[in-house]
Amino acid sequence: MVAMMVERWAGFGSAAATVIFLWPVVQKYVPPTFRLYLTAWAAKLAACFNPYLQITISEYGAERFQRSDFFLAVEAYLSDACARRARKLKAELVKDSKNLRVTVDDHEEVTDDFSGTTIWWYASKRQSKANVISIYPGEDERRFYQVVFHRRHRDLVVDSYLPFVLGEGRAVTVKNRQRRLFTNNASRNWNPYRSKSVWSHVAFEHPATFDTLAMHPDEKEAIVDDLMAFQESKDYYAKVGKAWKRGYLLYGPPGTGKSTMIAAMANFLDYDVYDLELTAVKNNTELRKLFIETTGKSIIVIEDIDCSIDLTGKRRKDKKASSDKDSDDDDKPKLPMDPEKDDATKVTLSGLLNFIDGLWSACGGERIIIFTTNHKEKLDPALIRRGRMDKHIEMSYCRFEGFKVLAKNYLDVIKHELFGEIQQLLEETDMSPADVAENLMPMSKKKKRDPDLCLSGLVKALKQAKEDAAAAAAKAKEEEEAKEAEAKKAKEKEEAEVKKAKKENKGKDKAAEEANGDIKEGDKVK
Ligand SMILES: Nc1ncnc2c1ncn2[C@@H]1O[C@H](COP(=O)(O)OP(=O)(O)OP(=O)(O)O)[C@@H](O)[C@H]1O
Ligand SMILES: [Mg+2]
C-alpha cells in the first residue's frame, strides 16, 4: 500500500511537505472557524489532484447485528482469487465450511485485474467507537475492505466489477461450505425470536454416490441426466413460468436403496438435505413455516410418506364414515377433544399439496422434493401426479446389472466363475440389494474380502431364498386351494339347501293345489 501511495503521490511530495511544515503555525495563529474552512478547502484541493477513488466495505453493514453479505463475499473472493498474491495471510477453521480458510491478513494489500484494469484491495480494521464493553475478544474491532481504483474506471468497478466479486464470492462460499442434514424440531421447541430454531442440523457426510449405487446403468444414467438438466434449467423454468423445483417419487420394497439414492443425489448436486418428519408437524401452518425456513439448493425429503400421515382420500373417507357412525350411535354430549391429539392429525392432503406446489413453494428456488414409499398404490393419485412428483423411480430387487456394481465395490471383482450361476439365480429370485450387499461384506476375519468365499456364500443364500420363496408360494397355493375347496363346499351345501327348500315348497304347493281342486270340485257338485 505504501509503495502504491508513494507512486500515486509522487508529484505532490513537496506540496505535502510544505503543508506538514506549515500546519503547526496554522494551528497556533489561525482562528478555529477559518481553520475548519481551510481544512475543507485542502481536502477539496487534494481530491482534485488525486485521481483515485476508494470504496469501503464494512464487516457490519446496515444490519448492525449481522455480518454483511457483501463483506463475506469479498472475503471469500479475495481468499480464492487474490490470496496467492498476498504475502501476509491468515488461516481459520470456519463454522459450516469443510476446508481451512486462508484469507488476506489485516493491513495487507492485494491487486486484482479486471478487464485490463488494475484494482487494489486493502484489508484493515478500526476500533469501534461505541461505548460497549464486549465479553468477546476482538468484538470491538470493526474490520473492513477498501477497494481503490482510478476514477475513470468508476462505472466499470461499480456496475461490473463489484457485482462480479459478489457473485464469485458467493459461489466460492457455496463450494467450500460443509453440506448439512436438517431435521425439523418439535414445534414446542420453536423459539419465536430465533427463526433458525425450526430446523436443527448436523454435517451431511453420507458417502453414497451414483457409482456405489446398484442399479441398471441405463436407469442410473437417465436419473443423472434428469438431475443435470434440472440444475442447468434456471432460465428455462423462468421462461415457462414454473417454480424452479422438481419432485421425485422413489418407490419399492425395503432395502432396495431409496434412502441411499437420496444421499447419492445430494452428493451429486452438492445440495443440503432437509429430512422432514411429518409426524412431528402439527398442522398446515407449521408445515408452511418449515418450508419457508428452508434454503435454496436443497433436497426436501419425506420418507415413507404412506406411513407418516393419514393422507389418502380413501382412508379419510373411511374415518369420516366411522365418525359419522359414532355421532349417530351416541347422542350424549361429548367432552371437548384433547387439543394435542386433535392437532396431531391436522396436516391434510391439501396442506401437503400446497407445500409442494402452492404459491409458497416458489420462494427460494432450486429445490428437489422427494417422497419415498414401499406402497405406491396406497398414495392418493393427486399427491403423485406428474407436475408434483415429476419423475417416478422404481427401486426394485437386485438383478445381475446391479449385482455387478456391488461385486465391484465390495470385492473389487469384475469377473468370476460363479457370475453365471448368480445371474441365473438373481433372475429367478427376488433379493434386495441390501441383502446381496450383506452377503458380500461378511463381518468375519476369516472370510474377510475373500471373493470366492463371499460369492459362494451369496449363491447359497440365493438358493435358500429361492427355496423359501418356492415353499412360501406352495404354501400360499395350498392355502388358496383349501380356501377354494371350502368355498366350493359351502356353495354346494347352499345349493343343496336351496334345492331342498324348493322341493319342499313344491310339495306344499302341490298339496295346496290339490286341496284347492277338491274344494272347487265340491263346489261344482253343489
Ligand atoms: N441399490 C443399492 N445400491 C447399493 N447399496 C444398496 C442399495 N440398496 C440397498 N443398499 C444397501 O442396503 C442398505 C439399506 O438401503 P436403504 O436404506 O437405501 O434402503 P431403503 O430402500 O431406503 O429401505 P426402506 O424402504 O426400508 O427405507 C444401505 O445401507 C445400502 O448399503
Ligand atoms: Mg429408507
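Criteria and cut-off values
Residues numbered from 1 in each chain as written. Chains lettered and ligands numbered in written order. Predicted model: local features only at pLDDT ≥ 70, side-chain atom pairs only at ≥ 80, totals over all residues. Heavy atoms only, no water. Axes fitted to C-alpha atoms, helices over the stretch in contact; angles between N-to-C directions. Helix = DSSP H or I, 4+ residues; strand = E, 2+ residues; numbered from the N terminus. Parallel < 35°, antiparallel > 145°, perpendicular 65-115°, else oblique. Left-handed = near helix turned anticlockwise from the far one by under 90°. Contact = heavy atoms within 4.5 Å. Nonpolar A, V, L, I, M, F, W, Y, C, P; charged D, E, K, R; others polar. Buried < 20%, exposed > 50% of the residue type's maximum accessible area, 1.4 Å probe, protein only. Arc of directions from axis to C-beta. Pairing = 2+ DSSP bridges. Salt bridge = Lys/Arg side-chain N within 4 Å of Asp/Glu carboxyl O. Phe/Tyr/Trp six-rings, centres within 6.5 Å; stacked < 30°, edge-to-face > 60°.

**Student:** When you look at the packing of helix H6 (residues 217–231) against helix H8 (residues 258–269) in this model, what are you seeing that I'm missing?
**Tutor:** Helix packing for two helices is described by the angle between their axes and how far apart those axes are. At their nearest, the axes of H6 and H8 sit 11 Å apart, and the two run at 45 degrees to each other. Of the possible angle classes, the one that applies to H6 and H8 is oblique. In this structure, H6 crosses over H8, and the sense of that crossing is right-handed. Only Met 261, Met 265, Phe 268 and Leu 269 of H8 make contact with H6, whose side of the interface consists of Ile 223, Val 224, Leu 227, Met 228 and Gln 231. When the residues that make up the contact of H6 with H8 are grouped by side-chain class, the tally is eight nonpolar, one polar and no charged.

**Student:** Just to check I follow, could you spell out helix H9 (residues 284–292) for this structure?
**Tutor:** An α-helical segment advances 3.6 residues per turn. Residues three or four places apart therefore align on the same side. Residues Glu 286, Leu 287, Leu 290 and Phe 291 constitute the buried set of H9. Projected down its long axis, H9 shows its buried positions confined to an angular sector of 140 degrees, all on one face. Buried residues along H9 sit against strand S7 (180–184), strand S8 (199–203), strand S11 (298–302), helix H13 (349–357) and strand S12 (367–373).

**Student:** Would you mind showing me how to read the sheet that holds S11 here?
**Tutor:** In a beta sheet, neighbouring strands are held together by backbone hydrogen bonds and run either parallel or antiparallel to one another. Reading across from one edge, S8-S7-S10-S11-S12-S9-S13 is the order of the seven strands in this open sheet, with mixed pairing throughout. Both edges of this open sheet fall to S8 and strand S13 (391–394), since each of them pairs with a single strand only. Across this sheet, the average inter-strand angle for adjacent strands is 20 degrees, counted without regard to direction. Of the pairings in the sheet, the one linking S11 to S12 comprises five bridges and is parallel in character. Residue pairing in the sheet places Ile 300 in a bridge with Ile 369 of S12. Docked against the sheet, H13 engages strand S9 (245–251), S11 and S12, running at close to 145 degrees with respect to S12.

**Student:** Where do I start with the pattern of salt bridges in this structure?
**Tutor:** Side chains that differ in charge, positive against negative, can pair when their charged atoms come close. Going through the model one piece at a time under the given rule, you end up with 12 salt bridges. When the shortest N-O distance is used, the salt bridge between Asp 69 and Arg 170 registers 3.9 Å. With a gap of 101 residues between them, Asp 69 in helix H4 (residues 69–82) and Arg 170 in helix H5 (residues 154–176) connect regions that are remote in the sequence. Relative accessible area serves as the criterion here: at 46%, Arg 170 is assigned to the partly exposed category. For Glu 401, the salt bridge is made with Lys 404, and the minimal N-O distance between the two is 3.8 Å. Of the two residues, Glu 401 and Lys 404 are both situated in helix H15 (residues 400–411); the distance of three residues between them amounts to about one turn of the helix. Connected via shared salt-bridge partners are Arg 177, Arg 180 and Asp 272.

**Student:** What am I meant to see in the packing of aromatic side chains here?
**Tutor:** Each aromatic ring pair is summarised here by two numbers: the centre-to-centre distance and the angle between the ring planes. For the structure shown, the criterion picks out 17 aromatic pairs. The interplanar angle of 40 degrees and the centroid separation of 5.1 Å between the aromatic rings of Phe 71 and Tyr 145 together place this pair among those described as tilted. With a gap of 74 residues between them, Phe 71 in helix H4 and Tyr 145 in strand S6 (residues 141–150) connect regions that are remote in the sequence. When sorted by exposure, Phe 71 lands in the same class as Tyr 145, which is buried. Ring centres 5.8 Å apart and planes at 85 degrees place the aromatic pair Phe 230 and Tyr 237 in the edge-to-face group. Each member of the pair, Phe 230 as well as Tyr 237, carries the same accessibility label: buried. Through pairs of rings, three or more aromatic residues link up here, namely Phe 71, Tyr 77, Phe 114, Trp 121, Tyr 145, Tyr 161 and Phe 164.

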